[in-house]
Amino acid sequence: MKKLFAIILTLSLCVVMGFPCMASTITAEELEELKTYEIFTGDSEGNLRLEDDINRAEAVKMICTLLCLKPDPTSKCSFPDVAPGHWAEGWIELGKIAGIVSGDDEGNFRPYDSVTNEEYIKMLVTSLGYQPLAEQRGGFPAGYIAVANSNGLTKDMQFMVNVSAKRGDVALMTYRALDIPLMAQTGFGSQVEYQIMNGENGTDKRTLRLELHPDYVYSEKENKSEFDGIDFLESIYSYEDVEVTGLSQKDGTYTFKDEKKAESPVYTVDSSTYVYINKRTVPLVALKDGMYAKLLCAPEDDGTVRVLGIEIFEFNPNK
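Quantities reported herein were computed from a predicted structural model and do not represent experimental measurements.

Basis of the calculations
- Residues numbered from 1 in each chain as written.
- Predicted model: local features only at pLDDT ≥ 70, side-chain atom pairs only at ≥ 80, totals over all residues.
- Heavy atoms only, no water.
- Helix = DSSP H or I, 4+ residues; strand = E, 2+ residues; numbered from the N terminus.
- Buried < 20%, exposed > 50% of the residue type's maximum accessible area, 1.4 Å probe, protein only.
- Contact = heavy atoms within 4.5 Å.
- Areas by Shrake-Rupley, 256 points an atom, 1.4 Å probe, with all protein chains shown as cover.
- Core = buried A, V, L, I, M, F, W, Y, C linked by side-chain atoms within 4.5 Å.
- Phe/Tyr/Trp six-rings, centres within 6.5 Å; stacked < 30°, edge-to-face > 60°.
- pLDDT = per-residue confidence, 0-100.
- Axes fitted to C-alpha atoms, helices over the stretch in contact; angles between N-to-C directions.
- Parallel < 35°, antiparallel > 145°, perpendicular 65-115°, else oblique.
- Nonpolar A, V, L, I, M, F, W, Y, C, P; charged D, E, K, R; others polar.
- Left-handed = near helix turned anticlockwise from the far one by under 90°.
- Lys, Arg positive; Asp, Glu negative; His and termini not counted.
- Salt bridge = Lys/Arg side-chain N within 4 Å of Asp/Glu carboxyl O.

Caption draft 1: Up close: the overall build of the chain. Looking only at helices and strands, the chain features ten helices and ten strands. Out of the 319 residues belonging to the chain, those deemed buried represent 45%. Here the contacts in the chain between residues at least 6 apart in sequence split such that 63% fall between residues at least 24 apart. By element, 51% of the accessible surface of the chain is carried by carbon and sulfur atoms, the whole surface being about 16,500 Å².

Rendered as structure tokens:
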């Protein structure tokens, strides 16, 4: 089970020097389903523009439609930078009320800005009800990326981080979200609990597809997934404060220890590890011997520790 949870974060930091990233692409049949549900539609001429960026207003409308939400035509948007009469005014306000989107540090929504891969992944994970789990695993962005990958949203897909999401990639992730069992809160007050609504252990079968198409019948194969029966709230991940020592690199994988710890494990880092300073992503090569860092870790079966996220500090944060 631990190995299953460790195989996450395949959202690689692709090297844009030489070879292009290979990724899964959405099929014509899958696109047709999204069009049937009116989740993914073309422009005024019917063009889907799969290679184009998607802006934040367009993304919110897709998510709200996925959730069967319809805006009140008389509603006004509370974001100061969304002009009255904007075509997505009602959708944006609905997304805010539903907890799918929020403003930036200045309270603006920026409807014409392109949505990034991480931002759209957060919207989808939140829509599926997995926000508590994503926050438990490190919050935005690493926790949401981890949950998305462990649920199959980003299977065989590779993205650059902090760049605009492409319409084709957004469509594929949205299609995959249709059949992922929802997470729902089943305990409240002092007994807060969450369950995966996969139709087992006394739960109802709940997916976004069933919300859109209540008469849909899953086949026995479709009802089963590799995640059925797994407690998603099991504490697999941990945070560790380390001083990076003995850093070495081989075939694109970095290893290091914390020699000040008596029994330090070997930490492994590769291109799928999310590295950042002050919440801004940086290249993996920014990691150097002698740096202090907070690690989001997952143990491997061979006794090493896979590093899923690194927050780098210039000075020891604990002093």
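Caption draft 2: Main features of helix α8 (residues 167-177). With respect to burial, α8 is a largely interior element, nine of its eleven residues being buried. Among all positions of α8, only Arg-167, Gly-168, Val-170, Ala-171, Leu-172, Met-173, Thr-174, Tyr-175 and Ala-177 are buried. Buried-residue contacts for α8 involve α2 (28-36), α3 (56-66), α5 (117-127) and α9 (208-212).

Caption draft 3: Looking closely at the nonpolar core. Tyr-120, Met-123, Val-125 and Tyr-130 are the most contacted members of the largest nonpolar core, which totals 54 residues. Those elements that provide at least two residues to this core are α2, α3, α4 (89-97), α5, α6 (131-136), α7 (142-150) and α8. Ranked by the residues each element gives to this core, the list is headed by α3, at seven residues. Contacts of Tyr-130, omitting those with residues within four sequence positions, involve Val-125, Val-147, Asn-151, Ile-180, Pro-181, Leu-182, Met-183 and Ile-196. Core analysis: the second largest hydrophobic core is formed by 17 residues, Val-242, Phe-256, Leu-284 and Leu-287 among them.

Caption draft 4: Quick look at the packing of aromatic side chains. A complete count under the given rule lists four aromatic pairs for this structure. Taken together, a centroid distance of 5.3 Å and an interplanar angle of 35° make the contact between Phe-79 and Phe-109 tilted. Of the two residues, Phe-79 sits in the loop between α3 and α4 while Phe-109 sits in the loop between α4 and α5, which places them 30 residues apart along the sequence. Accessibility classification places Phe-79 together with Phe-109 in one group, the buried group. Summarising the aromatic geometry, the rings of Phe-256 and Tyr-267 are spaced 5.3 Å apart at their centres and angled 25° between planes, so their arrangement reads as stacked. With a gap of eleven residues between them, Phe-256 in strand β5 (residues 253-257) and Tyr-267 in strand β6 (residues 267-269) connect regions that are remote in the sequence. A single burial state applies to Phe-256 and to Tyr-267, both of which are buried.

Caption draft 5: Looking closely at the confidence of the model for the chain. Of all residues in the chain, 82% have pLDDT values of 70 or greater, and the mean over the chain is 80. With pLDDT under 50 throughout, residues 1-22 is counted as low confidence; its partners more than four residues away or in other chains account for 59 contacts. Note that pLDDT drops below 50 for residues 223-235; the model gives that stretch 27 contacts with residues more than four away or on any other chain.

Caption draft 6: View of the packing of α2 against α8. Put simply, α2 and α8 touch, their axes get as near as 10 Å, and they point 75° apart. In this view, α2 runs roughly perpendicular relative to α8, as classed from their interaxial angle. In this structure, α2 contributes Glu-30, Leu-31, Glu-33 and Leu-34 to the contact, and α8 contributes Ala-171, Leu-172, Thr-174 and Tyr-175. When its residues are assigned to classes, the contact of α2 with α8 shows five nonpolar, one polar and two charged.

Caption draft 7: Representation of α5. Among the eleven residues that make up α5, nine are buried, leaving the element largely enclosed by the rest of the structure. Positive phi appears at Gly-129, one or two residues downstream of α5, with a value of about 90°.

Caption draft 8: The arrangement of the packing of α3 against α5 in detail. Between α3 and α5, the shortest axis-to-axis distance is 11 Å and the interhelical angle comes to 15°. Put simply, α3 runs roughly parallel to α5. Read as a crossing pair, α3 and α5 show a hand that is right-handed. For the pair α3 and α5, contact is made by Arg-56, Ala-59, Val-60, Met-62, Ile-63 and Leu-66 and by Glu-119, Tyr-120, Met-123, Leu-124 and Ser-127, respectively. Split by residue class, the contact of α3 with α5 holds eight nonpolar, one polar and two charged.

Caption draft 9: Structural detail: the side chain of Glu-93. Position of Glu-93 relative to the elements: it lies in helix α4. Lys-96 provides the closest opposite charge to the buried, salt-bridge-free Glu-93, at an N-O distance of 5.1 Å. Those residues within four positions of Glu-93 in sequence are excluded, and the remaining contacts are Lys-76, Cys-77 and Ser-78.

Caption draft 10: Representation of the pattern of salt bridges in the model. All told, the structure shown has twelve salt bridges when counted by the stated rule. Close ionic contact of Glu-33 with Arg-209 constitutes a salt bridge, the shortest N to O distance being 2.6 Å. Of this pair, Glu-33 sits in helix α2 while Arg-209 is found in helix α9, placing the two residues 176 residues apart along the sequence. Judged by relative accessible area, which is 26%, Glu-33 ranks as partly exposed. Of the residues examined, Arg-209 reaches a relative accessible area of 2% and is grouped as buried. Here Arg-206 ties to Glu-211 by a salt bridge, and the two come within 3.8 Å at their closest N and O atoms. With a relative accessible area of 40%, Glu-211 lands in the partly exposed category. In the salt-bridge network here, residues are joined through shared partners; they are Glu-33, Asp-179 and Arg-209.

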